[in-house]
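Descriptive structure summary
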Amino acid sequence: MTSTPSTRFDGPRPRLLISAFVMNTSSHIMGGQWRRPEAQQHRFNELQLWVDLARQLEDAKFDAIFFADVVGLYGDYDGGWASLLKKGLQVPSNDPLILLSALATGTREIGLAATSSVIQSHPFQFARQMSTLDHISGGRVAWNIVTSVLENAHRNFNATELTKHDERYDWADEYVEAAYKLWEGSWADDALLRDKETGVHADPEKVSKIYHRGPRYSIDGPHLAAPSPQRTPVLFQAGSSGRGQQFCAANAEATFTLAPSTEVAAKYTAAVREQAVAAGRHPDDVKFLQGMHFVVGGTEAEANRKADELEDSLDIEALLAHVGGGFGVDLGGLPLDTPLGDLETEGSQGHLTAIRASVRGGNPTLRDIALYRSRANRVVGTPDQIADRLEQWQDAGIDGINIINQTIPGSYTDFIDGVLPELRSRGLAQTGYAPGTLREKLFGAGPRLNGRHPAAAFRGAFTEFSAAAENQPATVTAQS
């Protein structure tokens, strides 16, 4: 079957970017599904589960495996945090950066994306970790930049309360600037010589300290890792609030969205692309990946039956604890018909706005919240029906999908066996990997960030400093 005519593209539709959205835990988004007999995500501590999944996705030519992460508990539910442990709500969970190092050796082509919050690791240490991963993977690493909405996460890293929403993005602005200086500005491409005849390992004239001085960080440098294939990893970001959109438009190469409808997606993608232009970038410098989960059937009736079975095994309380934790509000112990009301929160503001927009009148009940989490980004149908729906999302500005799972590996097996052949028949899914780094595979350009990205301003921008200047603030002048 061929693609339908597009209202967005002049010529043939481009292929979709396709990623698998996972987390190194038993219960990621679809609470309770780890209990299903066929589900294997309860084996999250076993490396082989993830190696097998990554290889399955690579054989299917997925662009990336994308790991979510948190560094604290979700907020109290039903008066405390014991229920989070009982339900396994993203606890226990393991560090995705460690897991990616293993997956880098077990795969050859698929992108390896990990979430890391600005609160959890000093930018000097994090930049070194990502450069190391980029080296050992051959340039296949991506970073999902987050600021952490969980109060417990902030309390785990010296704070006494959740940092206010906009202040978290101010923090992120400095964090990425420091990382960009290390990745882009500390080493020249040809600084590392390893010349056995002369005995010169690296040319000191081509390595610079960065002398970053900011409100939160003081970093001399130099970067301890030589330039990796991508230098800066591919940059993902998922902020949907006004301040989050501003940060995304300036920094992200791809953004993960959870729009409740194509109408909302069209408005969001247009707004971010407009802000990207205002930041000196092109509108297509930011790609949009919609979070979705799929229920695939040979017939519409079979797909609907499977969807009902999956919904019957959801843990509604786990879903409410998850959403409420992101808001910083205990939604436990209340009737499901309780309206959310005029809730204001320092938590996930973009998510709250999306939930309100999905309900007529804008005042959802707790039941609406649970149903939103389980149904809003779900597509149920036959392969051709699902492909038709994905084309509608493309027309709304979406460039790809980040596939949420109900079960591992079953959700991905169903998509690979059922939907991918239909997408390929329409030219909407790749049949092989392009050569090069993840950035080259995703965007068809070079291995490094383009010159319009703010990180590019730090390339070769650092001058030599005298010994007397080492404890003074550095002056950095960007080259045009």
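Observations regarding the overall build of the chain
- Within the chain, the regular secondary structure consists of 15 helices and 11 strands.
- Relative to its length of 480 residues, the chain is compact, with a C-alpha radius of gyration of 23 Å against a globular reference of 23 Å.
- The dimensions of the chain, computed from C-alpha atoms along their principal axes, are 70 × 55 × 45 Å.
- Looking at the chain as a whole, 54% of its 480 residues qualify as buried.
- Considering only intrachain contacts with a sequence separation of at least 6, the fraction spanning at least 24 residues in the chain is 76%.
- As displayed, the chain offers around 20100 Å² of accessible surface, 50% of which is attributable to carbon and sulfur atoms.

Some details on the packing of helix 7 (residues 242-251) against helix 8 (residues 262-278)
- One way to put it is that helix 7 packs onto helix 8 with a least axis distance of 8 Å and a crossing angle of 55 degrees. When the interaxial angle is binned, helix 7 and helix 8 end up oblique. In the crossing of helix 7 with helix 8, the sense of the turn from one axis to the other is right-handed. Contacts from Q245, Q246, C248 and A249 of helix 7 reach helix 8 at Y268, A271, V272, Q275 and A276.
- Within the contact of helix 7 with helix 8, the residues separate by chemical class into six nonpolar, three polar and no charged.

Details of the confidence of the model for the chain
- Averaged over every residue, the pLDDT of the chain is 90; the share at 70 or more is 91%.
- Low pLDDT, under 50, characterises residues 463-469; the stretch is placed with eight contacts to residues that sit more than four places away or in other chains.
- Note on residues 474-480: pLDDT is under 50 here. Beyond four places in sequence and across chains, it has 15 contacts.

Overview of the environment of E177
- In this structure, E177 sits in helix 6 (residues 165-185).
- Along the chain, E177 and F458 lie 281 residues apart, while their C-alpha atoms are 9.1 Å from each other.
- The contact partners of E177, leaving out residues within four places of it in the chain, are H212 and F458.

Notes on the packing of aromatic side chains
- Under the defined criterion, the tally for this structure stands at 15 aromatic pairs.
- Residues W143 and W183 carry aromatic rings whose centres are separated by 6.0 Å and whose planes lie at 75 degrees to one another, so their mutual orientation is edge-to-face. Of the two residues, W143 sits in strand 4 (residues 141-146) while W183 sits in helix 6, which places them 40 residues apart along the sequence.
- Judged by its relative accessible area of 1%, W143 is buried.
- Centre to centre, the rings of F294 and F415 are 5.1 Å apart; their planes meet at 45 degrees, and the pair counts as tilted. Within this pair, whereas F294 is found in strand 9 (residues 287-296), its partner F415 is found in helix 14 (residues 410-425), the two being separated by 121 residues in sequence. With respect to class, F294 is no different from F415; both count as buried.

With respect to the environment of D384
- The residue D384 is located in helix 13 (residues 383-395) in this model.
- Sequence separation between D384 and D395 is 11 residues; the distance between their C-alpha atoms is 17 Å.
- For D384, the side chain forms a polar contact with the side chain of T382, separated by 2.5 Å.

Here's the deal with the packing of helix 3 (residues 96-106) against helix 4 (residues 123-137)
- Orientation of helix 3 relative to helix 4, taken along the N-to-C sense of each, is 15 degrees, at an axis distance of 9 Å. Relative to helix 4, the element helix 3 is oriented roughly parallel. Both helix 3 and helix 4 take part in a crossing whose hand is left-handed. Between helix 3 and helix 4, the residues in contact are L97, L100, S101 and A104 and F126, Q129, M130, L133, I136 and S137, respectively.
- Residues of the contact of helix 3 with helix 4, tallied by class, amount to seven nonpolar, three polar and no charged.

A closer look at helix 6
- With 21 residues, helix 6 should reach 30 Å at 1.5 Å per residue; the first-to-last C-alpha distance of 30 Å fits that figure.
- With 16 of 21 residues buried, helix 6 is to be regarded as a mostly interior element.

Some points on the nonpolar core
- In terms of nonpolar packing, the biggest core is built from 120 residues, with I18, W50, F62, F294, F415 and L423 touching the most fellow members.
- If you tally residues by element for this core, the top one is helix 6, at 10 residues.
- Discounting residues that sit within four places of it in the chain, L423 has contacts with I18, A387, L390, F415, L428 and A429.

A short note on unusual backbone geometry
- With an omega of 5 degrees, the peptide bond running from G221 to P222 counts as cis.
- Between I408 and P409 the backbone carries a cis peptide bond, its omega angle lying at 5 degrees.
- Assignment of secondary structure puts P409 in the loop between strand 11 (400-404) and helix 14.
- If you check the backbone angles, S148 has positive phi at about 70 degrees while not being a glycine.
- Inspection of the secondary structure puts S148 in the loop between strand 4 and helix 5 (151-155).
- Judged by its relative accessible area of 13%, S148 falls in the buried class.

Rules of the game
Residues numbered from 1 in each chain as written. Predicted model: local features only at pLDDT ≥ 70, side-chain atom pairs only at ≥ 80, totals over all residues. Heavy atoms only, no water. Helix = DSSP H or I, 4+ residues; strand = E, 2+ residues; numbered from the N terminus. Rg over C-alpha atoms; globule rule 2.2 N^0.38 Å. Buried < 20%, exposed > 50% of the residue type's maximum accessible area, 1.4 Å probe, protein only. Contact = heavy atoms within 4.5 Å. Areas by Shrake-Rupley, 256 points an atom, 1.4 Å probe, with all protein chains shown as cover. Axes fitted to C-alpha atoms, helices over the stretch in contact; angles between N-to-C directions. Parallel < 35°, antiparallel > 145°, perpendicular 65-115°, else oblique. Left-handed = near helix turned anticlockwise from the far one by under 90°. Nonpolar A, V, L, I, M, F, W, Y, C, P; charged D, E, K, R; others polar. pLDDT = per-residue confidence, 0-100. Phe/Tyr/Trp six-rings, centres within 6.5 Å; stacked < 30°, edge-to-face > 60°. Polar contact = N/O pair within 3.5 Å; in protein donor to acceptor, adjacent residues only side chain to side chain. Expected span 1.5 Å × (residues − 1). Core = buried A, V, L, I, M, F, W, Y, C linked by side-chain atoms within 4.5 Å.

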